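# A look at the structure
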Amino acid sequence: MGKTGAGNDVRSVWLRPRRDRRGEPPLTPSRIVRAAIALLDEEGIDRLTMRRLAERLDVVAPSLYWHVDTKDDVIDLAVDAIFGEAPPKASAGRAEDWREDVTAVLASWRGALLRHPWAAAVPARRRPTIGPNFLAGMEILQATLTRCGFTGEGLSAATWVLYNHVMGAASSQAALTITEEERRLGQEHLNASGDRYPTLAANGYLYEDDWEGSYRTGLAYLLDGLAAQRRPA
């Protein structure tokens, strides 16, 4: 999936051992994460700095480093926290429920990203998402796919096509902004260039913004395709 770094560097906050502390600073990881999510919701990911987070917590910035090493640690913790807000529930494990279980996991992830649009811009993209809340959903997803017959490369492909659908759809919906005037002028441009873009002009390309409908229809296409490929035991 990405390049493996050389040496023994461990960048993920989830994989590094916690430091021993002499005395407990007047902060907890949960307080830091709650403040970070509030700051990110209000101002976006580009405005998050350790200094601004410390100001929100009414502490000096160095005290944050008892709990987190970098801003990336804060983001990793915040992302996993939002994935835990409305976790998907596993079914009783019946093979016939596989579509519902897959849909529930993806709906949980999509809901988290749309409630917190800054998270849609965070690349896991930058390093793997391996916090406990996200992994709980991924476990349900892969267990469901395994239960209905996917193994090996097929399991990996099925997992990542579904992951990419929900993450891509949520990222586009969260990030794309267009004014009505831009939409009108853009469509007029397409219409005037109908000889070059006949399909885009005819189908109102710049007015296609039924995010919910497109997401659900796209997911149905994927699930239909997976249903045709699966080989139940």
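What counts and what doesn't
Residues numbered from 1 in each chain as written. Predicted model: local features only at pLDDT ≥ 70, side-chain atom pairs only at ≥ 80, totals over all residues. Heavy atoms only, no water. Helix = DSSP H or I, 4+ residues; strand = E, 2+ residues; numbered from the N terminus. Contact = heavy atoms within 4.5 Å. Areas by Shrake-Rupley, 256 points an atom, 1.4 Å probe, with all protein chains shown as cover. Phe/Tyr/Trp six-rings, centres within 6.5 Å; stacked < 30°, edge-to-face > 60°. Buried < 20%, exposed > 50% of the residue type's maximum accessible area, 1.4 Å probe, protein only. Lys NZ or Arg CZ within 6 Å of the ring centre and 35° of its normal. Axes fitted to C-alpha atoms, helices over the stretch in contact; angles between N-to-C directions. Left-handed = near helix turned anticlockwise from the far one by under 90°. Nonpolar A, V, L, I, M, F, W, Y, C, P; charged D, E, K, R; others polar. Parallel < 35°, antiparallel > 145°, perpendicular 65-115°, else oblique. pLDDT = per-residue confidence, 0-100. Core = buried A, V, L, I, M, F, W, Y, C linked by side-chain atoms within 4.5 Å. Domains from an automatic or database assignment.

The name given to the protein in an unreviewed UniProt entry is TetR family transcriptional regulator, with the source organism recorded as Thermomonospora umbrina.

In this section: the overall build of the protein. Of regular secondary structure, the protein possesses ten helices and zero strands. Along the protein, helices (α) and strands (β) appear in the sequence α-α-α-α-α-α-α-α-α-α when read from the amino end. In the protein, of all internal contacts separated by at least 6 residues, the share reaching a separation of at least 24 is 72%. Summed over its atoms, the accessible surface of the protein is roughly 13700 Å², and 54% of this surface lies on carbon and sulfur atoms.

This part covers the packing of aromatic side chains. The geometry of an aromatic ring pair comes down to the distance between the two centres and the angle between the two planes. This model, assessed by the stated rule, comprises six aromatic pairs. Measuring from ring centre to ring centre gives 4.8 Å for Trp160 and Tyr163, while their planes differ by 70°; the resulting arrangement is edge-to-face. Of the two residues, Trp160 and Tyr163 both sit in helix 7 (residues 152-175), three residues apart, roughly one turn of that helix. A relative accessible area of 29% places Trp160 in the partly exposed class. Taking the relative accessible area as the measure of exposure, Tyr163 reaches 7% and is therefore buried. Grouped by ring-pair contacts, the aromatic residues Phe83, Trp109, Phe134, Trp160 and Tyr163 constitute a single cluster. Over the ring of Tyr215 we find Arg110, and its NZ or CZ is 4.3 Å from the ring centre.

At a closest axis distance of 11 Å, the pairing of helix 4 (residues 98-115) and helix 10 (residues 211-229) adopts a crossing angle of 145°. The element helix 4 and its partner helix 10 pack so that their crossing is right-handed. Taken together, the residues of helix 10 that come into contact with helix 4 (itself represented by Trp98, Arg99, Val102, Thr103, Leu106, Ala107 and Arg110) are Trp211, Glu212, Tyr215, Leu219, Ala220, Leu223, Asp224, Leu226 and Ala227. Taken together, the residues of the contact of helix 4 with helix 10 break down into eleven nonpolar, one polar and four charged.

The interhelical angle for the contact between helix 3 (residues 71-83) and helix 6 (residues 132-147), taken along N-to-C directions, is 50°, at an axis separation of 7 Å. With respect to helix 6, the axis of helix 3 lies oblique. Note on element contacts: helix 6 touches helix 3 through Pro132, Asn133 and Phe134, opposite Asp80, Ala81 and Phe83. Each residue belonging to the contact of helix 3 with helix 6 can be placed in one class, and the counts come to four nonpolar, one polar and one charged.

Residues at a pLDDT of 70 or more form 88% of the protein, whose mean pLDDT is 87. Between the elements of the protein, mean pLDDT differs from a low of 89, seen in helix 5 (residues 117-120), to a high of 96, seen in helix 10.

With that out of the way, let us pick up the side chain of Asp97. Along the chain, the position of Asp97 falls in the loop between helix 3 and helix 4. Contacts of Asp97, omitting those with residues within four sequence positions, involve Ser91 and Arg147.

It is worth spelling out the nonpolar core at this point. Grouped together as the largest cluster of nonpolar side chains are 52 residues, with contacts concentrated most on Leu53, Leu64, Leu106, Trp109, Trp118, Leu141 and Leu162. Formed jointly, this core draws a minimum of three residues from each of two domains, domain 1 (29-83) and domain 2 (90-229). Beyond its immediate chain neighbours, meaning those up to four positions away, Leu53 contacts Ile32, Ala35, Ala36, Leu39, Leu48, Leu64 and Val74.

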